[in-house]
Amino acid sequence: MTTSRREVVIPGWESLQWRQIVIQGPQQSSDAGVKFTHHQEARRAGGFCYKESNNLSSVTRNRFLVWRCLGNVLELVEQSLDVNLCNGAVRFCFPGCCVIPDVAVVELAHAVVVLVATDKTVHRLTFPHPSKLPIATDSAVTLTGSVEAAHPSILYNCSSDGLLDPANYTLITIGNGDTTLIPHCTAHLSLTGKATFVLATSNGCMLVVTLPTPGSGEFSQQIELRQTSLMQRLWTGIVPTMMRQGSTVPETVCGLCLHALGSDVYIFALCRDAKLRIWSTSQWECVHTVNVLDYIADINNLQLADDTQHLLQKSPGDSLKRVGLSACLAFDGKQQVCLLQVEVVNNEMIVHHVANRPLTADKVVSMCVSRAEVWLMTSSMSGHISVVHSSVDGTQLGPSAWSTVVPDDRFVTRLAPGAGQSIPRVDRTPLGVFADSRTGITGLVQESSLSLVRPCDAMECVYLSDSSLSAQDVPPPLTGLLCEGSSWNDTICVLQVCHLVSQQFSTDSLEQLDSVLDSGDVPAALQTITSLLSSSGLPDGSAAQDGLTESILRLSDIDGLVDAIASLIYLLDIGTATSRLMEACDEVAQPERALWCQKLFSSGLGVLCMNGALQQTAALRRRMCRDLLLTIYGVLQRRNEVGLSTTDDWKLSSELREQTVQLMCVYNAVHWMAVTPIQAVSQSQLETNVHQLSALSLTGVINMLHSSLSVMLADGSSLLELCLAATGGSQFRNILATRSVYWAPQRLPLFQLMVTAISIVTDVVWPLSSNSFFVDFLVSRGQYHRLEEFLSLNSHLQKGSHSSSSFSTFLLGLCYVQSREMDKATDCFIRASQGVDELEQGPMDRFYRDLENVDISAHRLVAYYTNVVRLFDQYDWSGQVVTLATAALSVADTTDINVAILWSSLFKHHLHLEHVEKAYIAMCSNPDPVRRQDCLRRLVHVLYEQRSFEELCRLPFVGLEEEVVSIMESRARTVEIATHSYYELLYSFHVMRGNYKQAAACQYECSVRLAAEMPTVKGLQRRAKCLVAAINSLHLVQSNDAWLVKPQDKAQDVMRRQYDNGQSPPSVVVVDLKDLREEHILVSARLKLLQRNADAGTSTNAEEVVTLLIAAGLFTVALDVSQVFSMLPTPVVEGLAARCVKLNTSRSKQVASDVDDGWDWLSANEVDNIQSSRSSSVVECAWKLLRHCLFHRVKPEHQSACFRAITVHFLSVSAALPQWFLDAYKIVNPAQLLQLLVQFGQVLEAGNLAIQYMSALLGTGREEFAIQHAVHAQSPISWLPYTILDHLAAALNNAASSTTASMSSDVNVIECSRKFNEQLQRYYEAVALSSDTRRAH
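Residues numbered from 1 in each chain as written. Predicted model: local features only at pLDDT ≥ 70, side-chain atom pairs only at ≥ 80, totals over all residues. Heavy atoms only, no water.

**Student:** Mind showing me how you'd approach the overall build of the protein chain here?
**Tutor:** Across its full length, the protein chain holds 47 helices and 33 strands. Counting every position in the protein chain, which comprises 1337 residues, the buried fraction comes to 55%. By sequence separation, contacts in the protein chain at least 24 residues apart represent 64% of the contacts at least 6 residues apart. (Helix = DSSP H or I, 4+ residues; strand = E, 2+ residues; numbered from the N terminus. Buried < 20%, exposed > 50% of the residue type's maximum accessible area, 1.4 Å probe, protein only. Contact = heavy atoms within 4.5 Å.)

**Student:** Can you help me understand the sheet that holds strand S5 (residues 73-80) in this one?
**Tutor:** Backbone-to-backbone hydrogen bonds pair the strands of a sheet. The strands run either parallel or antiparallel. In space, the 5 strands of this open sheet follow the order S2-S7-S5-S4-S3, with mixed pairing throughout. Here the strands that pair on one side only, and so sit at the sheet edges, are strand S2 (19-22) and strand S3 (43-49). On average, each strand axis in the sheet is tilted by 20° relative to the strand beside it, whichever way the strands run. (Pairing = 2+ DSSP bridges. Axes fitted to C-alpha atoms, helices over the stretch in contact; angles between N-to-C directions.)

**Student:** Would you mind showing me how to read the nonpolar core here?
**Tutor:** Grouped burial of nonpolar side chains is what soluble globular proteins tend to show. Core analysis: the biggest nonpolar cluster contains 216 residues, and Val494, Phe829, Phe872, Leu939 and Phe957 have the highest contact counts within it. The greatest single-element share of this core, amounting to 18 residues, is contributed by helix H12 (residues 604-637). Setting aside residues no more than four positions away along its own chain, phenylalanine 829 makes contact with Phe810, Gly813, Leu814, Val817, Tyr864, Val868, Leu871 and Phe872. Membership of the second largest hydrophobic core comes to 95 residues, among which are Val1167, Leu1234, Leu1249 and Ile1267. (Core = buried A, V, L, I, M, F, W, Y, C linked by side-chain atoms within 4.5 Å.)

**Student:** Got a minute to help me understand the pattern of salt bridges in this structure?
**Tutor:** A side chain with one charge can pair with a side chain of the opposite charge if their charged atoms come near. Considering all chains together, one arrives at 38 salt bridges under this definition. Ionic pairing is found between glutamate 78 and arginine 63, a salt bridge with its closest N-O pair at 2.6 Å. Of this pair, glutamate 78 sits in strand S5 while arginine 63 sits in strand S4 (residues 63-70), placing them 15 residues apart in sequence. A relative accessible area of 3% means that arginine 63 is categorised as buried. In this structure, lysine 1074 and glutamate 1078 form a salt bridge, with 2.4 Å as the shortest nitrogen-oxygen distance. In this pair, lysine 1074 and glutamate 1078 both sit in helix H35 (residues 1073-1092), 4 residues apart, roughly one turn of the helix. (Salt bridge = Lys/Arg side-chain N within 4 Å of Asp/Glu carboxyl O.)

**Student:** Sorry if this is basic, but what is going on with helix H23 (residues 822-832) here?
**Tutor:** Residues separated by three or four positions in an α-helix point in the same direction, a consequence of the helix having 3.6 residues per turn. Within H23 the residues assigned to the buried category are Ala825, Thr826, Cys828, Phe829 and Ala832. For H23, the arc enclosing every buried residue in end-on projection is 165°, short of the 170-degree limit, so these residues lie on one face. (Arc of directions from axis to C-beta.)

**Student:** I'm lost on the packing of aromatic side chains in this one. Help?
**Tutor:** Given two aromatic rings, one states the distance between the centres and the angle between the planes to describe the pair. As enumerated under the stated definition, the model contains 28 aromatic pairs in all. A centroid spacing of 5.2 Å and a plane angle of 40° characterise the contact between phenylalanine 1203 and tyrosine 1225, whose relative ring orientation is tilted. One end of the pair, phenylalanine 1203, is in helix H42 (residues 1196-1212); the other, tyrosine 1225, is in helix H43 (residues 1219-1228), and 22 residues separate them in sequence. Each member of the pair, phenylalanine 1203 as well as tyrosine 1225, is classed as buried. Among the aromatic residues, ring-to-ring pairing joins Phe810, Phe829, Tyr864, Tyr865, Phe872, Tyr875 and Trp877 into one connected group. Here the guanidinium or amino end of arginine 947 rests over the ring plane of tyrosine 944, the centre of that ring lying 5.3 Å away. Taking the ring centre of tryptophan 1220 as reference, the NZ or CZ of arginine 1187 above it sits at 4.7 Å. (Phe/Tyr/Trp six-rings, centres within 6.5 Å; stacked < 30°, edge-to-face > 60°. Lys NZ or Arg CZ within 6 Å of the ring centre and 35° of its normal.)

**Student:** How should I be thinking about a nonpolar patch on the surface in this particular structure?
**Tutor:** Taken together, the side chains of Trp1043, Val1045, Val1068 and Val1070 make up a nonpolar region of the molecular surface, amounting to roughly 360 Å² of accessible area. On the secondary structure map, valine 1045 appears in strand S32 (residues 1043-1045). On the basis of relative accessibility, which here comes to 45%, the residue valine 1045 falls in the partly exposed class. (Patch = residues over 30% accessible without salt bridge, like charges linked within 9 Å, V, L, I, M, F, W, Y side chains within 5 Å. Areas by Shrake-Rupley, 256 points an atom, 1.4 Å probe, with all protein chains shown as cover.)

**Student:** Sorry if this is basic, but what is going on with the pairing of strand S7 (residues 89-93) here?
**Tutor:** Looking down a regular strand, the side chains alternate between one sheet face and the other. Counting buried residues along S7, 5 of its 5 residues qualify, which places the element largely inside the surrounding structure. Side chains Ala89, Arg91 and Cys93 of S7 all project onto a buried face; the interleaved residues Val90 and Phe92 project onto the opposite face, where all are buried too. Judged from the 4 bridges that link them, S2 and S7 form a sheet pairing that is parallel. Bridge pairing links valine 22 to cysteine 93 in S7. Where S5 and S7 come together, 5 bridges link them in antiparallel fashion. Residue glutamate 75 lies in a different strand from S7, and its bridge partner there is arginine 91.

**Student:** Quick question: what am I supposed to make of the side chain of asparagine 84 here?
**Tutor:** You can see asparagine 84 is positioned in the loop between S5 and strand S6 (85-86). The exposure class of asparagine 84 is buried, given its relative accessible area of 7%. In terms of polar contacts, asparagine 84 uses its side chain to reach the backbone amide nitrogen of glycine 604, at 2.9 Å. (Polar contact = N/O pair within 3.5 Å; in protein donor to acceptor, adjacent residues only side chain to side chain.)

**Student:** Honestly, the sheet that holds strand S23 (residues 334-345) in this entry has me stumped. Any pointers?
**Tutor:** Pairing within the open sheet is antiparallel, and its 4 strands lie in the order S21-S22-S23-S24. Since the sheet does not close on itself, it has two edges, and those belong to strand S21 (311-314) and strand S24 (348-359), each with one partner. Taking the axes of each pair of neighbouring strands and ignoring which way they run, one obtains an average angle of 20° across the sheet. Summarising the sheet, S21 and strand S22 (residues 322-331) pair through 4 bridges and their orientation is antiparallel. Opposite leucine 311, over in S22, you have cysteine 328 as the bridge partner.

**Student:** Would you mind going over the packing of helix H5 (residues 488-503) against H12 with me for this structure?
**Tutor:** A packed helix pair is summarised by two numbers, namely the angle formed by the two axes and the spacing between the axes. Between H5 and H12, the least distance of the axes is 8 Å, while the angle of their chain directions is 85°. The angle between the axes of H5 and H12 places the two elements in the roughly perpendicular class. Only Met624, Arg626, Asp627, Leu628, Leu630 and Thr631 of H12 make contact with H5, whose side of the interface consists of Val494, Leu495, Val497, Cys498, Val501 and Ser502. Considering only residue class, the contact of H5 with H12 consists of 8 nonpolar, 2 polar and 2 charged. (Parallel < 35°, antiparallel > 145°, perpendicular 65-115°, else oblique. Nonpolar A, V, L, I, M, F, W, Y, C, P; charged D, E, K, R; others polar.)

**Student:** Help me understand the environment of serine 833, please; the structure alone is not making it clear to me.
**Tutor:** If you trace the backbone, serine 833 turns up in the loop between H23 and helix H24 (857-873). Serine 833 sits 23 residues away from phenylalanine 810 along the chain, and the two C-alpha atoms are 8.2 Å apart. Setting aside residues up to four positions removed in sequence, serine 833 forms contacts with Leu861, Tyr864 and Tyr865. A distance of 3.2 Å separates polar atoms of two side chains, one belonging to serine 833 and the other to tyrosine 865.

**Student:** Help me understand helix H46 (residues 1282-1297) in this model?
**Tutor:** Over its 16 residues, H46 extends 22 Å from the first C-alpha to the last, a length consistent with the 22 Å expected when each residue adds 1.5 Å. Restricting attention to buried positions, one finds in H46 the residues Ile1284, Leu1285, Leu1288, Ala1289, Leu1292 and Ala1295. Buried residues of H46 fall within an arc of 140° about the axis and therefore sit on the same side. Opposite the buried face of H46, by more than 90 degrees, sit the exposed residues His1287, Asn1294 and Ser1297. (Expected span 1.5 Å × (residues − 1).)

**Student:** What is the right way to look at unusual backbone geometry in this model?
**Tutor:** Glycine aside, negative phi is the norm for most residues, and most peptide bonds take the trans geometry. The phi angle at tryptophan 284 is positive, at roughly 55°, despite the residue not being glycine. Inspection of the secondary structure puts tryptophan 284 in the loop between strand S19 (275-280) and strand S20 (285-291).

**Student:** Help me understand the environment of leucine 791, please; the structure alone is not making it clear to me.
**Tutor:** Examined against the element boundaries, leucine 791 turns out to sit in helix H21 (residues 784-793). Once the C-alpha coordinates of leucine 791 and leucine 811 are considered, the two residues, 20 residues apart in sequence, prove to be 8.1 Å apart. Aside from chain neighbours lying at most four places away, what touches leucine 791 is Ser808, Leu811 and Leu812.

**Student:** Help me out: how do you make sense of the packing of helix H37 (residues 1115-1124) against helix H41 (residues 1178-1193) in this one?
**Tutor:** Relative orientation of the contacting elements H37 and H41 amounts to 20°, with a least axis distance of 11 Å. As summarised for this structure, H37 and H41 are arranged roughly parallel, according to the angle between their axes. The handedness of the crossing between H37 and H41 is right-handed. Residue-level inspection shows Phe1115, Thr1116, Leu1119, Asp1120 and Gln1123 of H37 in contact with H41, the latter providing Leu1185, Cys1189 and Arg1193. For the contact of H37 with H41, the class distribution of residues is 4 nonpolar, 2 polar and 2 charged. (Left-handed = near helix turned anticlockwise from the far one by under 90°.)

What follows is the structure, encoded as structure tokens:
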């Protein structure tokens, strides 16, 4: 039995997004109608392909329906190999009913009609035709057909409302309570839409139910067809007893078909007695009977089984002249398929026998007939499931006519798990098979999966079948791959010997070898092969060794053995075969072909099918390479018996053996692609990956990612599925569009293209290919963990290829980057650089092909290093960047455009490592002035942020000082002054270089900004420091240059910009040391004021500040400010005097709060003798402060005014003047004191002062008034305030005349008046004498 097809299981049926629709039909009495016993409920499935499924431009291309009947549920799933369908899975539930598992699907021009019957009802389900549905652009690619797909299914909008139209269903009302239905039904839809259902019963009758044409207004009809009693007796007598064993009713229907021939619709019923009865629906009678047993030659040797279940299927087609029937008769242990053709000639029914197809099988589960083939799904007593197929013509007869579908060995193929057996991953319980010869699509429906049957290539057919292919069966391109001197038969013989050799080893031994191969450890695999070929490695010792020797010695009959083995290696190499086939490709695909191929096999189902097919192909070819390798080792061990020449021995042991090992590794890698699940990568990780690839200038890989961002895969999908769903599928379809061989007029069915698709996809992802498409794809999708596994698996393939080894090392470096293993990544990138400067084009070439000026080898290497450095920059791997950049600069030419980039990176990461001097050297070495300026700016910024002021100031900055100052000034003027200290850094920079005027300027500018932007205590403190620094710096400048230009404020800056536009220039303000001192004194005063009173305001006017200082009790500070700003100190001392009077009054009244307050403001005035006299009273301390201020803080020229102000205040409040004050006032200005006493009515005090004053002028007590010379002719002229004395004399006389002698005070006044007059008289006399004497001389 030959093999030309393989099953590909598509798991995940239950993961479909099912919608459930409940169809509630009319209720029926439990005693009425027919019955359908529970044990007769059948689970069956099938499918339907559209008429235009093979049309390249049709919307129904590669599109089909799958149905399953499970109890009271009908499942409908619409699938497509090309596009994903929305809402294509629906479960129709019929409560209280059992679905008869024979469903008819009819395609009309505008609709798709599904005819389904239950044990109580029949239904006509109508859905829109795919061509009538809207088609939108795909928004996503999913492997589950989820709602992200844009193509609606015909089931998209179905609901129970539209399915319960009375014209589309009816209740089965005929029959009686004893009538029992069996699970056989057929249905037919006429061109007018009339539906006919035929249901079989257990008593040999048939129930015919018709639904009228929709919209006709007619009613449904129900007829029961049964044989007459005469005919029943007649047929019972004719049928032999042996043919009626176990069957009480021979007419029980086993299979039903309906077909229109001519103007009538006929019912074809295959009964239990193996007779085909043909009924006319117009006459309602049996019009023809055929005994199918008559067509079986050895009928006497066959016996019908006790549980006979014949099957009947018709060939698809709409011919009104003839119809093909396939009847499968069940015998004990055997099956017989009779192919018949029925036609009506001159109103006479004629049945032609076409051919028989005998088959050895215990049971046929399902049968399907296409236009070209008949398909059977069989099961053995042990539960083994197999699928066979044969042509429907009569060209091939006998058991050899059947070809077996190779089951998918990825899953357990049992009906159900037996005792002690493991539960299968996929429930493979068979339900049905469907096939379509136009598209080549064949589907096997199981309990929880769908399988598609794909065609095998020639090598698969040879290796899997029990018969060899002849040279005529081999495609010409494959024949062309044979080596000169070898034939196809020799090559096939070698392959068959390889198969025999592998059979000599136990399954465990081969699985052990496969396990070693899966790990990619080639040396260990070769060692395992050597061990297996030894006598101890064979299962039966010497007997197996003899069998192995016998198998290998069959090769001695081949003359060109080495050439045959070489041919087999070429045939096994899909990459080589595809390359040869591609020679027939057009350079550019025609637009029509490109459009046809645009969506081919691009749906989730198509991707799963291609992935499974490629997985099978890779696994089988790896096994074939393994068997060939075992054979080669066996031949080398028996080289003398085989008759190898020395040349052949050398070629076989070195070249061919290594090629086989390499090919085995390649298929191992391809198989790994198809089975390894994808690595979970988030959207953010993909975005990060794009940035990394951009750093490496891998624009092609980035474009590959952008073109597949919408791809969405289910969990557990393989890498190859991801590749096929994205750019890999597009690549395959683009190549296919150029295949002029396929687009010949005699084109095969579309699904037959799967063989070509597998070969093209294998070539696309071929690990030895120079395009490295698959690794590019892994990189683009961020599958770095899988890439690392892939590189480890293919480590043997890079041996001997320097460029490939460098490329793999580079990719491994990318993997280490993702795993953050920086040292390993650096080592890989450095080792990979050895392959960059190869002259020949290789995989590494694409990493610099998009760059400019990389035609020179050194430039290529530098460009490579630059890209890697740019990648490491994203991770701030400073040590590694320094290593790579240094290596690149060591080979870079000075004209290389990347030198500046490398110096910039070297500077950046030296600085990050705090290698300041090396960073400075790298900056100075940068030939690009723009980059050098950027580096300088970053150097200043980083050292500032690190607070490394001293290190920054100590750097030489040869030729860069102006730029450094400009950078720091710019930063200082743009950043927030409250949180940065660039001015301090700039001051230090200038001071260390002796630029004292610039140092003073920056500090003064800082003070100006602080005044405008930071009016707080902290701001004032910084201003004071800035002004002190500016004053000190300016002191170190020559006096003629000790001046500064005041920085512009914002208003002046606006004026400057207006001047730039043509208006008048703003004025320039120059400040010198005097101005700076004044500003510093004022700032210090404000600072002390705010420290005393935080609510003292922000006034900057000196007068206002003095006023606030007086109010705060800071008299010494107020006097300093007054002195600096040339203000009179009188308000200050007057305020202090007022405080003294208040304290004096409070002491007498014993007010404690005033005393405490007095100590508070007294301590704020920084006078040593005052603060150290805490033991004295507060009043005494206040008087001392006043005395200190008058004698030490007030200038002599201002003392008179201060004494006068104090005296006025005291006299105004009737306070007594302290004696020390009067004594001091006598010295400062006695006349003014005398005037004030007179002015305020202090006649007695004024008189006494006048008497003392005149006595001093006359020479007595002269020191009390600081009079140096008395009135004398030889002395200078002395002046006496005679006007005041006149007023005083009058006042004393008035006071004396108005007093009485009874009061002591009055007595004092009278006495004072007398003494005043006497003293005044003596003064006049002295003055007169002095005047006469002066005149005399």
